[in-house]
Amino acid sequence: MVLISNTSALMPSTFYLIGIPGLEDLGFLTSISFCILYVFAIVGNSLMVYIIWTEKNLHGPMFFFLAMLAVNDLAFSSSTVPKMLGIFWLNDCGIEASACLTQMFFVHFLSVVESGVLAAMAYDRYIAICSPLRYTSILTYVVLERIAASILVRAFITIFPIPVLVGRLHFCGDDVVLHSYCEHMAVVNVACGDTRVNSIYGLVLSLSITGFDLIFIGLSYTMILRAIFRLQSRDARYKAVGTCGSHICVIIAAYLPGIFSFVTYRFGQKTIPHGVHIFLANIYIVFPAFLNPIIYGVKTKQIRASVWKMLQ
């Protein structure tokens, strides 16, 4: 994917990533920690996809979205962690401009996909609890495919302009990116000249997509809670809450580091060290990918039983 065919005169041929400043003395420990999280994320999500693919009793709407989330987590963590480890272990800081823009596209594309999948999973839980008798008739395979396609198309349409806009900037010979991967604003901050369009587009995009998905998730769970409180049986209430527990944990793990990283990067530049921003940006990518298989493996009875079956 080459996005800079006519911009070689405007951009340096190679950018240089600095890793995580301020953690040079703890570089080995930091890299080992991220490597362990990444390995567990790859193993856990791969196992999740394999179980859902091979166990026919898991071929339902909830597990369709769970498999989609696992595949996205595999790609999301793999888009940044290997390069970051190369910076720490091999001092391989250079990245070609075209590769940098490609990485930028996929990092933000996969972030939007993850947000869309979490919103779709909230809708799945709403249907499962509020209309359980119509669950399979509403969420048919055709509907699931359309939801998945809309998530991917939305992410592509909204994110594709980002590397295109960056590719049109002037860089005046500066090629050092103060980040461990080619994050949009980190690369924009290296450019000289007017970067308002990039900044405004990135801000509006982040607020609109995250805001829309969070509002959708909030409305879904508001209606879910109303339906739960109408149940007469206490056991039925606990069971209904239990079906949502995994998803709520995943939402917290995904959105909390992301929102905190976004707020501190946009509005806390003068109060929070830059290394903290970069560290949080990496945690936002790799930690949910590590945590999601554990959450669903512990809280979902069918997956837990399938894992135990494989171990036996």
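Residues numbered from 1 in each chain as written. Predicted model: local features only at pLDDT ≥ 70, side-chain atom pairs only at ≥ 80, totals over all residues. Heavy atoms only, no water.

Of regular secondary structure, the protein chain possesses 12 helices and three strands. Over its C-alpha atoms the protein chain spans a radius of gyration of 21 Å, differing by no more than 12% from the 20 Å that the globule rule assigns to 312 residues. Projected onto the principal axes, the alpha-carbon positions of the protein chain cover approximately 65 × 40 × 40 Å. Counting every position in the protein chain, which comprises 312 residues, the buried fraction comes to 50%. (Helix = DSSP H or I, 4+ residues; strand = E, 2+ residues; numbered from the N terminus. Rg over C-alpha atoms; globule rule 2.2 N^0.38 Å. Buried < 20%, exposed > 50% of the residue type's maximum accessible area, 1.4 Å probe, protein only.)

Time to look at helix H4 (residues 97-130). In this model H4 runs 50 Å from its N-terminal to its C-terminal C-alpha over 34 residues, within 8% of the 50 Å that 1.5 Å per residue would give. Burial of H4 is extensive: 28 of the 34 residues sit out of reach of the surface. (Expected span 1.5 Å × (residues − 1).)

Time to look at the state of the cysteines. On inspection of all chains with the given rule, the structure shows two disulfides. The disulfide partner of cysteine 100 is cysteine 182, and the gap between their sulfur atoms is 2.0 Å. Around the S-S axis, the bridge from cysteine 100 to cysteine 182 shows a dihedral of about -120° and counts as left-handed. Here cysteine 182 lies in the loop between strand S3 (176-177) and helix H8 (184-188) and cysteine 100 lies in helix H4, a separation of 82 residues in the sequence. The residues cysteine 100 and cysteine 182 share a single accessibility class, namely buried. Counting only the cysteines that form disulfides, in the order they appear in the protein chain, gives the pairing 1-3, 2-4. Take cysteine 93: it sits in no disulfide, and the sulfur closest to it among the cysteines is that of cysteine 182, at 12 Å. Judged by relative accessible area, cysteine 93 falls into the buried class, the value being 18%. (Disulfide = S-S within 2.5 Å.)

The space that makes up the largest pocket amounts to roughly 800 Å³. In this structure, the largest pocket is lined by 36 residues; those nearest its centre are Ser111, Ser206, Gly258, Phe262 and Tyr284. The residue inventory of the lining of the largest pocket, partitioned by class, reads 21 nonpolar, 12 polar and three charged. (1 Å grid on protein atoms, 1.4 Å probe; cavity = no way out; pocket = protein on both sides within 12 Å on 5 of 7 lines; lining within 4 Å. Points joined across faces, edges and corners; volume = space filled by probe spheres on them. Nonpolar A, V, L, I, M, F, W, Y, C, P; charged D, E, K, R; others polar.)

Moving on to helix H3 (residues 81-90). Turning to H3, its buried residues are Val81, Lys83, Met84, Leu85, Gly86 and Ile87. Downstream of H3 by a residue or two, asparagine 91 has a phi angle that is positive, lying close to 55°.

This paragraph deals with the pattern of salt bridges. Going through the model one piece at a time under the given rule, you end up with four salt bridges. Of the charged contacts, one joins lysine 83 and aspartate 92 as a salt bridge, the two residues approaching to 3.5 Å between their closest N and O atoms. Of the residues examined, lysine 83 reaches a relative accessible area of 16% and is grouped as buried. Accessibility expressed as a relative area gives 38% for aspartate 92, which makes it partly exposed. Of the charged contacts, one joins aspartate 194 and arginine 196 as a salt bridge, the two residues approaching to 3.0 Å between their closest N and O atoms. (Salt bridge = Lys/Arg side-chain N within 4 Å of Asp/Glu carboxyl O.)

For the rest of this paragraph, the subject is the pairing of strand S1 (residues 14-17). Along S1, the buried face is formed by Phe15 and Leu17; none of Thr14 and Tyr16, which line the opposite face, is buried. Judged from the three bridges that link them, S1 and strand S2 (residues 94-96) form a sheet pairing that is antiparallel. Considered in S2, the bridge of phenylalanine 15 is made with isoleucine 95. Of the strand pairs in this sheet, S1 and S3 are connected by two bridges, and their pairing is parallel. The residue bridging tyrosine 16 from the neighbouring strand is valine 176, located in S3. (Pairing = 2+ DSSP bridges.)

Once that is clear, we can look at the packing of helix H2 (residues 61-78) against helix H11 (residues 274-299). Orientation of H2 relative to H11, taken along the N-to-C sense of each, is 145°, at an axis distance of 9 Å. As H2 packs across H11, the resulting crossing turns out to be left-handed. Contacts between H2 and H11 involve Leu66, Leu69, Asp73, Phe76 and Ser77 from the former and Tyr284, Ile285, Pro288, Ala289, Asn292 and Tyr296 from the latter. For the contact of H2 with H11, the residue count by class is eight nonpolar, two polar and one charged. (Axes fitted to C-alpha atoms, helices over the stretch in contact; angles between N-to-C directions. Left-handed = near helix turned anticlockwise from the far one by under 90°. Contact = heavy atoms within 4.5 Å.)

Looking now at empty space enclosed by the protein. One simple way to see leftover space: roll a probe sized like a water molecule over the atoms. As enumerated under the stated definition, the model contains one cavity of 30 Å³ or more in all. Along its surface, the largest cavity is lined by Asn45, Met48, Leu66, Leu69, Ala70, Asp73, Asn292, Pro293 and Tyr296. For the lining of the largest cavity, the element with the highest residue contribution is H2, accounting for four residues.

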